Amino acid sequence: MNMKRTIFSMLVFLSSFCTFIFFEFILPSYLPVNRENPKVQKIESFSLKAISNYYDSMALVNQQLYLSKEYINSLVDKNTNGISGFNKYKSSFSDDNNKAEESQYFNIGISIADTYVNIRSDANTDSDIIGKLYRDSAAIILDTMEDWYYIESGSVKGYIKSKYLKIGISDDELIEKYGIKKITVNADGLNVRKKPDPDSEVVTVIYEKESYPVIDLLDDWVKVDITDDKVMGYVKKEYVDILIDFNKAISKAEEEELKKIQEEERIKKETEIKYREEVNYTEDELKLLACLVHSEAGNQSYEGKLAVANVVLNRVKSSKYPNTIEKVIYQSGQFTVATNGSLAKQLELYDNYSSKSQLLSIKAAKAALSGENNIGDRLYFNEYKAAVRKGHDQKKNSVKIQDHLFW
């Protein structure tokens, strides 16, 4: 019995020893771990935070271009102990591979296209355009394919022609020429002072995690732009993290949304109410104009009604049209409501106008005659869909107000 117990103990010991040897010495040589693959180690430790000698330490924000650890892991090819595409393009960044590896930005390229380069879904010019990389914007090079780069920038991943991307740029040049400097506050509350002096006047206070553009960097101070408060001032460098960001690609969907926002802003600006000289008018002219407005825009907002009234007044002022409200409204071939009975019906009802919409039509006509104008000198309008079918929306001065297009 004692002999069996001794043999069993020896077997357990030998089994444990062999397991230790296998995991400590044998298994690592078959796995793509950092000890056996220094290039993987280099990339896994990589983050796109700037380390320029000029700016102390630069923090990383998640909006920046960077290679996340999750993405690096997805690139590891377990069959070859390598990273897809890494060996193919890394040597092209510098004649000195060691120097390239030391750069925090070794796989960052900058667009040198005249305006922008299209980002495509595949490495050919027949594939779909999924985004645009504008000049001086940055992209991470993920892979190469002949004369194409597979890149990531902003929310877009796709292919661009390699000739449009400048590579091998030093960290300092990237930061100075293409980087966008920002700060984020790392204190509960931070005074922004008028001058870089602790005794200077406090112009505002900013708070933890807020981010602002950098105007200038001094030894102990940072000049920042507090856009919301419309002030510029200085904060102590020790209470902020200095960040480097880059302009990035814009996806097709983002571009369409941006155009929509820009168009809305343009229309808002161009349809702001401005004032011009009042028009002398009679009660009959007010009645005719108000009824014309209600016939054409009875279901529109006040802004839409005001715009229609101003089309009439702009024509009165224009040498292309008659010089009275009555003659403009009844000019042949101009206002359909003047000949189809709609305007005549409103003229009959005018003395009994009492609904909110009817009273709003009178108000808009009076306001236009008093000099209130929200369409500038535009002379024409039409129902929006009909105007689009005729291509009027392509005119540079066209603006949409509710269901009408004015130009």
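See the structure shown above.
Residues numbered from 1 in each chain as written. Predicted model: local features only at pLDDT ≥ 70, side-chain atom pairs only at ≥ 80, totals over all residues. Heavy atoms only, no water.

K.L.:
What am I meant to see in the overall build of the protein here?
P.N.:
Across its full length, the protein carries 13 helices and 23 strands. Out of the 407 residues in the protein, the part that is buried amounts to 41%. Within the protein, counting contacts between residues at least 6 apart in sequence, those at least 24 apart form 61% of the total. Of the roughly 24,000 Å² of accessible surface on the protein, a fraction of 48% belongs to carbon and sulfur atoms. (Helix = DSSP H or I, 4+ residues; strand = E, 2+ residues; numbered from the N terminus. Buried < 20%, exposed > 50% of the residue type's maximum accessible area, 1.4 Å probe, protein only. Contact = heavy atoms within 4.5 Å. Areas by Shrake-Rupley, 256 points an atom, 1.4 Å probe, with all protein chains shown as cover.)

K.L.:
Help me understand the packing of helix 8 (residues 283-297) against helix 11 (residues 342-349) in this model?
P.N.:
The geometry of a pair of packed helices is captured by two quantities: the angle between their axes and the separation between those axes. The contact between helix 8 and helix 11 brings their axes to 9 Å, and the two run at 125°. Classified by the angle between their axes, helix 8 and helix 11 sit oblique to one another. Viewed along their axes, helix 8 and helix 11 form a crossing whose handedness is right-handed. On helix 11, the residues touching Lys287, Leu288, Cys291, Leu292, His294 and Ser295 of helix 8 are Ser342, Leu343, Gln346 and Leu347. Residues that form the contact of helix 8 with helix 11 fall into these classes: five nonpolar, four polar and one charged. (Axes fitted to C-alpha atoms, helices over the stretch in contact; angles between N-to-C directions. Parallel < 35°, antiparallel > 145°, perpendicular 65-115°, else oblique. Left-handed = near helix turned anticlockwise from the far one by under 90°. Nonpolar A, V, L, I, M, F, W, Y, C, P; charged D, E, K, R; others polar.)

K.L.:
What is the right way to read the sheet that holds strand 21 (residues 381-383) from this model?
P.N.:
Backbone hydrogen bonds are what pair the strands of a sheet, in a parallel or an antiparallel way. One open sheet accounts for three strands, arranged 21-23-22; its pairing is antiparallel. This sheet does not close on itself; its edge strands, each paired only once, are strand 21 and strand 22 (399-401). Across this sheet, the average inter-strand angle for adjacent strands is 30°, counted without regard to direction. Relative to strand 23 (residues 404-406), strand 22 runs antiparallel, the two being bridged by three bridges. From the neighbouring strand, lysine 400 faces strand 23, where its bridge partner is leucine 405. (Pairing = 2+ DSSP bridges.)

K.L.:
How do you make sense of unusual backbone geometry when you look at a structure like this?
P.N.:
A positive phi is found at lysine 230, a non-glycine position, where the angle reads about 55°. Here lysine 230 shows up in the loop between strand 15 (221-226) and strand 16 (231-236). Residue lysine 230 is classed as exposed on the basis of its relative accessible area of 78%. In the Ramachandran plot, glutamine 402 falls in the positive-phi region, its phi being about 55° despite a non-glycine side chain. Along the chain, glutamine 402 turns up in the loop between strand 22 and strand 23.

K.L.:
Can you help me understand the environment of alanine 365 in this one?
P.N.:
On the secondary structure map, alanine 365 appears in helix 12 (residues 356-369). In the structure, alanine 365 is positioned 77 residues away from leucine 288 in sequence and 9.3 Å away in space, judged by C-alpha atoms. Every residue in contact with alanine 365, bar those within four places of it in the chain, is listed here: Leu286, Leu289, Ala290 and Ala309.

K.L.:
Can you help me understand the side chain of asparagine 374 in this one?
P.N.:
Mapped onto the elements, asparagine 374 comes out in the loop between strand 20 (372-373) and strand 21. Within the local environment of asparagine 374, its side chain forms a polar contact with the backbone oxygen of glutamate 303, the two atoms lying 3.0 Å apart. Among the polar contacts made by the side chain of asparagine 374, one reaches the main-chain amide nitrogen of alanine 307 at a distance of 3.5 Å. (Polar contact = N/O pair within 3.5 Å; in protein donor to acceptor, adjacent residues only side chain to side chain.)

K.L.:
Sorry, what's going on with the pairing of strand 7 (residues 138-145) here?
P.N.:
Within a regular strand, the side chains alternate between the two sheet faces. Strand 7 sits mainly inside the fold: seven of its eight residues count as buried. Pairing geometry for strand 4 (residues 108-111) and strand 7, over three bridges, is antiparallel. Bridged to isoleucine 108 within strand 7 is isoleucine 140. For strand 7 and strand 8 (residues 148-153), the ladder comprises five bridges, and the chain directions are antiparallel. Residue pairing for strand 8: isoleucine 141 is matched across the bridge by isoleucine 151. Between strand 7 and strand 8, which pair antiparallel one after the other, the connecting turn spans two residues, and glutamate 146 there sits at a positive phi close to 55°.

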